Amino acid sequence: MTLESEAVLAGWHAKVGGDLTRVEVSRAGAVGGFTAWRPALPVVQWSVVRPFPGAAL
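Assigned secondary structure in the chain consists of one helix and four strands. Tracing the chain from N to C terminus, the helices and strands come up as α-β-β-β-β. Relative to the globule expectation of 10 Å for 57 residues, the C-alpha radius of gyration of the chain, 18 Å, shows a markedly less compact shape. On the principal axes, the C-alpha backbone points of the chain span a range of 65 × 20 × 10 Å. The burial tally for the chain puts 5% of its 57 residues in the buried class. Look at the contacts in the chain between residues 6 or more apart in sequence, and 39% of them connect residues 24 or more apart. Here the chain has roughly 5200 Å² of accessible surface; of this, 62% comes from carbon and sulfur atoms. Counting 5 positive and 4 negative side-chain charges, the chain places the centres of these two groups 5 Å from one another.

What follows is the structure, given as structure tokens:
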């Protein structure tokens, strides 16, 4: 996720609401004779639930 696309999502989240979640994963990888964590790019998920028309809020 780029900073620019994350800024767009943050703007929509501020206007509309919902849940904004960032998930980051690291995998173990070799560093010489040792093992270290290597981070992957984060994934951002935005979830919004819109009420049905005519539904009571």
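Tallying each qualifying case throughout the model produces two salt bridges. A salt bridge links Arg-22 to Glu-6; its shortest N-O distance comes to 2.3 Å. You can see Arg-22 sitting in strand β1 (residues 19-23) and its partner Glu-6 sitting in helix α1 (residues 3-16), a full 16 residues away along the chain. In this structure Arg-22 comes out as partly exposed when scored by relative accessible area, which is 44%. One salt-bridge network, held together by shared partners, links Glu-6, Arg-22 and Glu-24.

A separate point is the confidence of the model for the chain. For the chain, per-residue confidence averages 90 on the pLDDT scale, and 95% of positions sit at 70 or higher. Taking the mean pLDDT of every element in the chain, the minimum, 92, falls on strand β4 (residues 43-47) and the maximum, 97, on strand β3 (residues 34-39).

Enumeration according to the criterion identifies one aromatic pair in this entry. Summarising the aromatic geometry, the rings of Trp-12 and Trp-46 are spaced 6.4 Å apart at their centres and angled 35° between planes, so their arrangement reads as tilted. Of the two residues, Trp-12 sits in helix α1 while Trp-46 sits in strand β4, which places them 34 residues apart along the sequence. The exposure class of Trp-12 is partly exposed, given its relative accessible area of 46%. A cation sits over an aromatic face here: Lys-15 above Trp-12, 5.8 Å from the ring centre.

Cut-offs and rules
Residues numbered from 1 in each chain as written. Predicted model: local features only at pLDDT ≥ 70, side-chain atom pairs only at ≥ 80, totals over all residues. Heavy atoms only, no water. Helix = DSSP H or I, 4+ residues; strand = E, 2+ residues; numbered from the N terminus. Rg over C-alpha atoms; globule rule 2.2 N^0.38 Å. Buried < 20%, exposed > 50% of the residue type's maximum accessible area, 1.4 Å probe, protein only. Contact = heavy atoms within 4.5 Å. Areas by Shrake-Rupley, 256 points an atom, 1.4 Å probe, with all protein chains shown as cover. Lys, Arg positive; Asp, Glu negative; His and termini not counted. Charge placed at Lys NZ, Arg CZ, Asp CG, Glu CD. Salt bridge = Lys/Arg side-chain N within 4 Å of Asp/Glu carboxyl O. pLDDT = per-residue confidence, 0-100. Phe/Tyr/Trp six-rings, centres within 6.5 Å; stacked < 30°, edge-to-face > 60°. Lys NZ or Arg CZ within 6 Å of the ring centre and 35° of its normal.

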